[in-house]
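Inside the fold
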Amino acid sequence: MVWSGQRQVSRHRQLIQYSMILALLALCGCQSGPASTKLQEKAEEIPVAPPLEPNQPRLTFISTVHDFGVVNPNSKSSCRFDFENTGTGPLTIEKKITSQCGCTVPSLPKTIYQPGEKGSIQVTFTASSSIGTATKSLTVLSDSIDGPVGLTIKANVSYQVLIEPQKFNLLPQKENADCPALTLHSIDDVPFSITRFSATNNALMVDFDPSLQQTEYTLTPIVMTDAVEKHQRGILVLTLDHPKCPEVVFEYTVKSEYELKPARVPLYNFTPGKAEVRQVILTNNYGEDFTIESATSDKQMAELIGQEEISTGEQQKSLLLKIRITPQLNKPEDRQFRDYLHLKIKDGPTLDLACWGLRSRVPGKQVTPR
């Protein structure tokens, strides 16, 4: 898409080219020949912007794109888009400039600009907590003869101090929960210190020297197993004195020895007495071989009818389970049922798989999953 500022620059270039060609034609005088003919043809091909009529405003931006470059997650950055009324009449810009989301807030000090008058739109961008590239759009409405103008801001949301890994898993049954080494590296090679740390439920402890200043660090957190098992997810925050990166955040997930995906099996719009088959993946996150010793249900509505070994990860062992569910109701008017299939792992725990169903109270009407 071409914005009005870009069209204005293009037209200025065309006028310059056109003037140069006319000058060359004047130098050639009345000479005829291939060169003169080509110059005339070239002049005829270049479109010339029609002159503005009296009292016609035109909104012209110096640039319609601003790239913040690398910004920290959750940080605020500001820029401005300079413009000028290059028309022949007063320009009125709508005070409300629409933005793509609430993370991009524009500000316009005044709305009316006389011919030749300059102004600017201030934009404040709040980066998200997620790492990645961000592109946001704004639309400026006015009575300019060129219509609405689109503005774009770009940013690469990343830590000025690179961290690896940003996300990792903890396996409480393994030594130190199998916590990986965490590395920090200054992108701009500015030395920094680690001044403090905090972790969810104090589940991770980090040994560091606050007087040390380096561009790279390798840390091995100590995992408090009892504390880490109380929360399925958590974060480790390191506070730094880097001038462009006050803190970095590591995210972790606590993995149990065995995991069912999905953890429960729903049936919507079921028919009582009609069996349905669903698939569930049972994984050993520690990469150990296992077998199912038995499978029983409370109400005999759910049964294990098949299993096969599949690959889901380098350090995992998984089985694809086929579960047959035959809903039964106590009363014809009942709308839902629930049963549990208990999967006993040989020399291991018993996992409970919830099987349940829901149907509409209105015959023939479908229930939509939330």
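Residues numbered from 1 in each chain as written. Predicted model: local features only at pLDDT ≥ 70, side-chain atom pairs only at ≥ 80, totals over all residues. Heavy atoms only, no water.

**Considerations on the overall build of the protein**
Along the protein, the regular secondary structure elements total three helices and 27 strands. Going through the 370 residues of the protein one by one, you find that 38% of them count as buried. Taking contacts inside the protein between residues at least 6 apart in sequence as the whole, the part at least 24 apart equals 66%. A total of about 21,300 Å² of accessible surface is found on the protein, and carbon and sulfur atoms cover 49% of it. (Helix = DSSP H or I, 4+ residues; strand = E, 2+ residues; numbered from the N terminus. Buried < 20%, exposed > 50% of the residue type's maximum accessible area, 1.4 Å probe, protein only. Contact = heavy atoms within 4.5 Å. Areas by Shrake-Rupley, 256 points an atom, 1.4 Å probe, with all protein chains shown as cover.)

**Some points on unusual backbone geometry**
Residues other than glycine predominantly adopt negative phi, and peptide bonds predominantly adopt the trans conformation. At the junction of Glu164 and Pro165, the peptide bond is cis and its omega measures out at -5° in the coordinates. You can see Pro165 is positioned in the loop between β11 (161-164) and β12 (167-170). At the junction of Lys261 and Pro262, the peptide bond is cis and its omega measures out at -5° in the coordinates. Within the secondary structure, Pro262 is located in the loop between β20 (258-261) and β21 (264-268). Unlike most non-glycine residues, Asp189 shows phi in positive territory, near 60°.

**Brief notes about the pairing of strand β13 (residues 182-186)**
Covered by surrounding structure in β13 are Leu182, Leu184 and Ser186 only, the residues Thr183 and His185 on the alternate face being uncovered. In this structure, β11 lies alongside β13, joined through four bridges in antiparallel fashion. Along β13, the bridge assignment pairs Val161 with Ser186. Bridge analysis of β13 against strand β16 (residues 216-219) gives four bridges, and the strand direction is antiparallel. (Pairing = 2+ DSSP bridges.)

**What to know about the packing of aromatic side chains**
According to the stated counting rule, one finds nine aromatic pairs in the structure shown. Measuring from centroid to centroid gives 6.2 Å for Phe197 and Phe208, while their planes differ by 90°, and the two rings are edge-to-face. On the criterion of sequence distance, the pair formed by Phe197 in strand β14 (residues 194-199) and Phe208 in the loop between β15 (204-205) and β16 is long-range, its members being 11 residues apart. By relative accessible area, which is 22% here, Phe197 ends up partly exposed. On the accessibility criterion, Phe208 (24% relative accessible area) is partly exposed. Every member of this aromatic cluster is reached through a ring pair, and the members are Phe61, Phe83 and Tyr113. For the cation-ring pair, Lys110 lies above Tyr113, with the distance from its terminal atom to the ring centre recorded as 5.0 Å. (Phe/Tyr/Trp six-rings, centres within 6.5 Å; stacked < 30°, edge-to-face > 60°. Lys NZ or Arg CZ within 6 Å of the ring centre and 35° of its normal.)

**Thoughts on the pairing of strand β9 (residues 132-140)**
By the bridge criterion, two bridges tie strand β5 (residues 98-99) to β9 in an arrangement that is antiparallel. Looking across to β9, one finds that Thr98 is bridged to Thr139. Relative to strand β10 (residues 149-157), β9 runs antiparallel, the two sharing nine bridges. Note on β10: the bridge partner recorded for Thr135 is Lys154.

**Digging into the nonpolar core**
Residues Leu170, Leu184, Leu238, Leu240, Val248 and Phe250 are the most contacted members of the largest nonpolar core, which totals 30 residues. For this core, the secondary structure elements donating two or more residues are β11, β12, β13, β14, β16, α3 (225-228), β18 (233-242) and β19 (245-254). The greatest single-element share of this core, amounting to six residues, is contributed by β19. Sequence-distant contacts of Phe250, that is, excluding residues within four places in its chain, are made with Ile163, Glu164, Pro165, Gln166, Phe168, Leu182, Thr183, Leu184, Gly234, Ile235, Leu236 and Leu238. (Core = buried A, V, L, I, M, F, W, Y, C linked by side-chain atoms within 4.5 Å.)

**Points about the sheet that holds strand β3 (residues 76-85)**
Overall, antiparallel pairing links the four strands, which are arranged β1-β3-β8-β6 in an open sheet. The outermost strands of the open sheet, each flanked by one partner alone, are β1 (59-61) and β6 (104-107). Ignoring which end each strand starts from, the neighbouring axes of this sheet average 30° apart. Judged from the three bridges that link them, β1 and β3 form a sheet pairing that is antiparallel. Counterpart to Leu59 in the pairing with β3 is Asn85. (Axes fitted to C-alpha atoms, helices over the stretch in contact; angles between N-to-C directions.)

**A few points about the side chain of Ser77**
In this structure, Ser77 sits in strand β3. The exposure class of Ser77 is buried, given its relative accessible area of 14%. With sequence-adjacent residues up to four places away left out, Ser77 is seen in contact with Phe68, Val71, Val123, Thr124 and Phe125.

**Quick notes on the state of the cysteines**
As used in these notes, a disulfide is a covalent bond between sulfur atoms, one from each of two cysteines. Counted by the stated rule, this structure contains one disulfide. Paired by a disulfide, Cys101 and Cys103 hold their sulfur atoms 2.4 Å apart. A residue is classified by how much of its surface remains accessible, and Cys101, at 23% relative accessible area, is partly exposed. A relative accessible area of 18% means that Cys103 is categorised as buried. (Disulfide = S-S within 2.5 Å.)

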